[in-house]
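# Architecture and fold: a report
Below are the chains, spelled out letter by letter.
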Amino acid sequence: MNTSQINQRIDELEFKLQFQEDMIDSLNQALISQQKDMLLMREKLVLLGNQLESYRQQQPIHDGDRPPHY
């Protein structure tokens, strides 16, 4: 290999490395965003579960009653 070919290969490798670094940074930002979304959804799910439990506790329980669809 001559110096020109070696320099060309080095340039190609540097280009690929830069592309990979940009891709890793982009994927990292996407992961951070998804983690924030998941935490928010988890909080909302807990709140919804608490509201459902509160609603169930407020409803009277009648063992002998038939469901409305009968």
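Structural data are supplied above this passage.
Read on for a plain summary of the structure.

Rules behind the numbers
Residues numbered from 1 in each chain as written. Predicted model: local features only at pLDDT ≥ 70, side-chain atom pairs only at ≥ 80, totals over all residues. Heavy atoms only, no water. Helix = DSSP H or I, 4+ residues; strand = E, 2+ residues; numbered from the N terminus. Buried < 20%, exposed > 50% of the residue type's maximum accessible area, 1.4 Å probe, protein only. Areas by Shrake-Rupley, 256 points an atom, 1.4 Å probe, with all protein chains shown as cover. Expected span 1.5 Å × (residues − 1). Polar contact = N/O pair within 3.5 Å; in protein donor to acceptor, adjacent residues only side chain to side chain. Patch = residues over 30% accessible without salt bridge, like charges linked within 9 Å, V, L, I, M, F, W, Y side chains within 5 Å. Salt bridge = Lys/Arg side-chain N within 4 Å of Asp/Glu carboxyl O.

As a further point, take the overall build of the chain. Regarding its fold elements, the chain presents 1 helix and 0 strands. The buried share among the 70 residues of the chain stands at 0%. Surface summary for the chain: the accessible area is close to 7,200 Å², and the carbon and sulfur share equals 56%.

In this model, helix H1 (residues 3-58) (56 residues) spans 82 Å end to end at C-alpha, consistent with the 82 Å of a helix rising 1.5 Å per residue. Measuring from the side-chain oxygen of the N-cap residue of H1 to the backbone nitrogen of Ser 4 gives 3.1 Å; that N-cap residue is Asn 2.

Among the surface-exposed residues, Met 1, Ile 6 and Ile 10 lie close enough to one another that they form a single nonpolar patch of about 310 Å² accessible area. Within the secondary structure, Met 1 sits in the segment before H1. Residue class for Met 1 comes out exposed when judged on its relative accessible area of 68%.

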